[in-house]
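Given next are the chains, with one letter for each unit.
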Amino acid sequence: MDELFFYGPCGQAGVGAGDGFFRIAAATPKIRVADVAGNAAAILECVYAAAREGVGALVLPELCLTGYTCADLFHDRTLIRASEVALAGLLEDTADVPMLFTVGLPVAVGAAVYNCVAACCAGELLGLTVKQHLPNYGEFYERRWFAPAPLNVTWVPFLGASVPLGSNIVYRCSDTGLGDIAIGVEVCEDLWVPAPPSTDMATGQGATVILNASASSEVIGKAAYRRDLVCGQSARLYCAYAYANAGEGESTTDLVFSGQNLIAENGSLLASTDLFTCDMVVADVDLDRLMAERRRSTTWGPSALGPSCGQAVSFSFAGAASCAGCPCEGGTADAESPGNAGGAADAACAPALEASVDPDSEGAARLFGGYPLLYSALETSRVAPRKPFVPAGADDLADRCETIFNLQAAGLKTRLAHTSTRSAVIGLSGGLDSTLALLVTVRAFDALGLPRTGIHAVSMPGFGTTSRTKSNAERLAEHLGVDFRTIPIADAVRGHFTDIGHDPAVTDVTYENAQARERTQVLMDLSNELGGFVIGTGDLSELALGWATYNADHMSMYGVNASVPKTLVRHLVAHAAGVFGGDIAETLRDILDTPVSPELLPPTGDGRIAQCTEELVGPYELHDFFLFHMLRFGFSPSKIYRMARRTFAEPSADGEPSYEPAVILAWLRTFYRRFFAQQFKRSCLPDGPKVGSVSVSPRGDLRMPSDASAALWLAEVDSLE
């Protein structure tokens, strides 16, 4: 069996327990109805194939050991007995496979026959999940053969052991560091009812992974509905959901089964098979991410349903080895099970793998290696998007851009109407952010039926302004039909230098910020003169890094870009170019091609921009990547670093650069240092609309003290060197 155990792409034992990625799979074995021995062999082949892929949990279809379409043969004792013998053989054959997998079979208990899913791991039968909702309509006649799950989980003798049997069982891993692996199982129709058992498994018992063993016949339109059900349930429960459907080999007397297999996580479909292929799907689910979602949602949890009626069962990927001499009989006992009165055996089951397996043994090397423990971001098959704020598909991106424009414009429209303001003032630099703010303001004015001449775009050339940006600002304002004014600030700033005794030859932070504050003073005073207010232009990425001059471009009456990251600003401006076309599009495209710069230092000798923002604070695509995963999911610096290494290892398809690990690490340190040090600027932000899932508004998503220490985060970053 040793050839089955792979350690992941890095090839190093021990690396895989760090970042919360857990590999799950759904597969459809090719079976023959009532050929139990042959079906067991096909199941074993699926288990071995999943093991070679480093899978930690595998779900197989409903009643796959016998075939779902056995009909009245389910009353036959020969079939039931053969299923028991075959399951015992599968357990024996997989004793060295540290993976939880399911097997669907009929189980007779007294006068009842149950439609069961056996949960197996490392040669141990962990429990028997029983189908609760038996369809008896249309093509389904399950109540003819099966009894519904008992009201409460009960312990029954089966295959020489006492095992839990019921509809609401969660299998929770007791191995050290793997406590987030909690697996619930439900059966086909149980997902289709108004209150699926998986709801209580997740909210009441903390299941992070739901496995659905199904035999869902195929008819027109059903595949899409099935996919939506799986994705929707994973979203409601903040869980991973793997769905395995019956396929080739089931009787086609009246029905056809397509073998559609699906894996979803929190509403997103991670993997799926084409209909009638019966392929296995494998995906790495991020348990850290799921737990982060649950922790931040105050309406998620057991309070909505009351006390859980389910049963938690501890298991170990080491199987019986972890419970040697323990009365729990192989790690399946719980405090309410026979022989475990008072919870004594439950305490005995709790020790980590290290306490029960010789750490120097070959078996321990397998158990503590990359498989099947949680994978690191460097090992996982899942690569995070380079631009998490930006949809990958062109159609999705266009829809997203339109939605964001409408959100920004709606927020500004409401504020203009509330204040009865018919005038807006914008500092138009010819850069991306002020361009986006102007486009949003134009849309808001159009929606209110106000003349665009009430929008006053102001160019304020200073010591670093180039002819390219100034002319782009002027052309854009002219093409959009807004008022354009040029108010030079150089003389005013020189006078201010004289007032404070600053040498204008010293191009330091005073030299730069004096220009930024003079521009804001001009805009504020002009807005008073015109009876309007100032539209803020700063974006989310700049606010996260503190790349704004306090009480200068940091301040406005309404900041329309406050929750739009720089990587998305580009796409919004590009989208606008496509919408407008003509001269406006030409100007917008040149603005897109202009280097990002505050233009506060004198131009080069040939009149080009001398100050490039990304050379000073780092690439915005890296910082937006860091920001998203830190604020959205609370990931640690080490996980974000490894994710970034994997994501940015190669150039993108559209030519964006790759980054060496040392470069990523250096800018990650810059990100954390600036993020913590600059919180005081975010603590007094102007109002502005939230447009995405990440925001730094002190009134909304980010309530953070301005004097919080960054030492913990920076120490972790330094440890990665």
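For the structure itself, consult the block above.
The following paragraphs examine the structure supplied in this document. (Residues numbered from 1 in each chain as written. Predicted model: local features only at pLDDT ≥ 70, side-chain atom pairs only at ≥ 80, totals over all residues. Heavy atoms only, no water.)

### Focus on the overall build of the chain
Then, number 1: Helix and strand counts for the chain come out as 22 helices and 20 strands.
Then, number 2: The buried share among the 721 residues of the chain stands at 56%.
Then, number 3: Counted over contacts in the chain with a minimum sequence separation of 6, partners at least 24 positions apart contribute 74%.
Then, number 4: Working note: accessible area of the chain is about 28,100 Å², and carbon and sulfur atoms make up 52% of it. (Helix = DSSP H or I, 4+ residues; strand = E, 2+ residues; numbered from the N terminus. Buried < 20%, exposed > 50% of the residue type's maximum accessible area, 1.4 Å probe, protein only. Contact = heavy atoms within 4.5 Å. Areas by Shrake-Rupley, 256 points an atom, 1.4 Å probe, with all protein chains shown as cover.)

### Focus on the sheet that holds strand S12 (residues 262-265)
Then, number 1: Read from one edge of the open sheet, seven strands run S13-S12-S11-S10-S9-S8-S15, paired in mixed fashion. Edge positions in the open sheet fall to strand S13 (268-272) and strand S15 (311-315), since each of these has one partner strand only. Across the sheet, the axes of successive neighbouring strands diverge by a mean angle of 20°, strand direction being ignored.
Then, number 2: Across the sheet, helix H5 (residues 222-237) lies against strand S11 (240-245), S12 and S13, angled at about 30° from S12, the strand it touches most. (Pairing = 2+ DSSP bridges. Axes fitted to C-alpha atoms, helices over the stretch in contact; angles between N-to-C directions.)

### Side note on unusual backbone geometry
Then, number 1: Even without being a glycine, Leu-159 presents a positive backbone phi close to 55°.
Then, number 2: Counting through the fold element by element, Leu-159 comes out in the loop between strand S6 (154-158) and strand S7 (161-166).
Then, number 3: Overall, Leu-159 belongs to the partly exposed group, its relative accessible area being 35%.
Then, number 4: Even without being glycine, Tyr-238 reaches a positive phi, approximately 50°.
Then, number 5: Here Tyr-238 falls in the buried class, since its relative accessible area comes to 19%.

### With respect to the environment of Thr-403
Then, number 1: Looking at where Thr-403 falls in the secondary structure, it is placed in helix H9 (residues 394-418).
Then, number 2: Take Thr-403: its relative accessible area is 43%, and that puts it in the partly exposed class.
Then, number 3: Each C-alpha atom, one on Thr-403 and one on Val-691, is 8.6 Å from the other, the two residues being 288 residues apart in sequence.

### Some thoughts on the side chain of Glu-265
Then, number 1: Relative to the helices and strands, Glu-265 resides in strand S12.
Then, number 2: One polar contact links the side chain of Glu-265 to the main-chain amide nitrogen of Asp-286, over a distance of 2.8 Å.
Then, number 3: A distance of 2.7 Å separates the side chain of Glu-265 from the side chain of Arg-382, its partner in a polar contact.
Then, number 4: Beyond its immediate sequence surroundings of up to four residues, Glu-265 is in contact with Ser-234, Cys-239, Ala-240, Leu-270, Asp-284, Val-285, Asp-286, Arg-289, Leu-290 and Arg-382. (Polar contact = N/O pair within 3.5 Å; in protein donor to acceptor, adjacent residues only side chain to side chain.)

### Section: the sheet that holds strand S18 (residues 483-486)
Then, number 1: Pairing within the open sheet is parallel, and its five strands lie in the order S18-S17-S16-S19-S20. Strands at the two margins of the open sheet, each flanked by one partner only, are S18 and strand S20 (558-559).
Then, number 2: Where strand S19 (residues 533-536) meets S20, two bridges bridge the pair, whose relative direction is parallel. Looking at S20, one finds that Gly-536 is bridged to Gly-559.

### Here's the deal with the pattern of salt bridges
Then, number 1: Per the counting criterion, the structure on display carries 29 salt bridges.
Then, number 2: Arg-144 serves as the salt-bridge partner of Asp-72, at 2.8 Å between the closest nitrogen and oxygen. Residue Asp-72 is located in the loop between strand S2 (57-59) and helix H2 (77-93), and its partner Arg-144 is located in the loop between strand S5 (124-130) and S6; the two are separated by 72 residues in the primary sequence.
Then, number 3: By relative accessible area, which is 52% here, Arg-144 ends up exposed.
Then, number 4: The partner of Asp-446 in a salt bridge is Arg-452, and the shortest N-O contact between them spans 2.7 Å.
Then, number 5: Taken together, the shared-partner salt bridges in this structure form one network comprising Arg-386, Lys-387, Glu-621 and Glu-656. (Salt bridge = Lys/Arg side-chain N within 4 Å of Asp/Glu carboxyl O.)

### Thoughts on the nonpolar core
Generally speaking, soluble globular proteins have nonpolar side chains that are buried together.
Then, number 1: Ranked by size, the top nonpolar core spans 89 residues in total, and within it Leu-438, Leu-588, Phe-626, Tyr-672 and Phe-675 carry the most contacts.
Then, number 2: When residues in this core are grouped by element, the largest group, nine residues, is from helix H10 (residues 432-448).
Then, number 3: In terms of nonpolar packing, the next biggest core, distinct from the first, is built from 54 residues, Leu-60, Ala-86, Val-97 and Ala-112 among them. (Core = buried A, V, L, I, M, F, W, Y, C linked by side-chain atoms within 4.5 Å.)

### Considerations on a nonpolar patch on the surface
Then, number 1: A grouping of Val-256, Leu-275 and Phe-276 is seen on the molecular surface, where their side chains present a nonpolar patch of about 260 Å² in accessible area.
Then, number 2: Residue class for Val-256 comes out partly exposed when judged on its relative accessible area of 40%. (Patch = residues over 30% accessible without salt bridge, like charges linked within 9 Å, V, L, I, M, F, W, Y side chains within 5 Å.)

### Observations concerning the packing of helix H19 (residues 637-647) against helix H20 (residues 661-677)
Then, number 1: Contact geometry for H19 and H20: axes closest at 10 Å, N-to-C directions at 140°. With respect to their mutual orientation, H19 and H20 come out oblique. H20 is crossed by H19, and the crossing has right-handed handedness. In this structure, H19 uses Pro-637, Ile-640, Tyr-641, Ala-644 and Arg-645 to contact H20, whose residues at the interface are Pro-661, Ile-664, Leu-665, Leu-668 and Tyr-672.
Then, number 2: Looking at the contact of H19 with H20 residue by residue, the class counts come to nine nonpolar, no polar and one charged. (Parallel < 35°, antiparallel > 145°, perpendicular 65-115°, else oblique. Left-handed = near helix turned anticlockwise from the far one by under 90°. Nonpolar A, V, L, I, M, F, W, Y, C, P; charged D, E, K, R; others polar.)

### Things to note about the environment of Ala-26
Then, number 1: Of note, Ala-26 is situated in strand S1 (residues 21-26).
Then, number 2: In this structure Ala-26 comes out as buried when scored by relative accessible area, which is 0%.
Then, number 3: On a C-alpha basis, the gap between Ala-26 and Tyr-243 in space is 6.2 Å, while along the polypeptide they are 217 residues apart.

### A short note on H9
Then, number 1: If you check H9, its first and last C-alpha atoms are 36 Å apart, about what 25 residues at 1.5 Å a residue would give, namely 36 Å.
Then, number 2: Within H9, burial applies to Leu-397, Cys-401, Ile-404, Phe-405, Gln-408, Ala-409, Gly-411, Leu-412 and Leu-416.
Then, number 3: Residues of H9 that are buried in the fold lie against H10, S19, S20 and helix H15 (566-580). (Expected span 1.5 Å × (residues − 1).)

### Regarding the pairing of S7
Then, number 1: In terms of residue burial, S7 counts as a mostly covered element, since five of its six residues are buried.
Then, number 2: Here two bridges tie S5 to S7, and the two strands are oriented parallel to one another. Within S7, the residue paired with Thr-129 across the bridge is Gly-166.
Then, number 3: Alignment of S6 against S7, held across five bridges, turns out to be antiparallel. Across the sheet, residue Phe-158 finds its bridge partner in S7, namely Ala-161.
Then, number 4: Linking S6 to S7, which pair antiparallel, is a turn of two residues; within it Leu-159 sits at a positive phi near 55°.

### So, the packing of helix H11 (residues 467-480) against helix H16 (residues 582-593)
Then, number 1: At a minimum axis distance of 9 Å, the contact between H11 and H16 shows a crossing angle of 150°. The orientation of H11 relative to H16 falls into the category roughly antiparallel. Our pair here, H11 against H16, has a crossing hand that is left-handed. For the pair H11 and H16, the contacting residues are Arg-468, Asn-472, Arg-475, Leu-476, His-479 and Leu-480 in the first and Asp-583, Ile-584, Thr-587, Leu-588, Asp-590, Ile-591 and Asp-593 in the second.
Then, number 2: Split into classes, the residues belonging to the contact of H11 with H16 amount to five nonpolar, three polar and five charged.

Just geometry here; none of it tells us what the structure is for.
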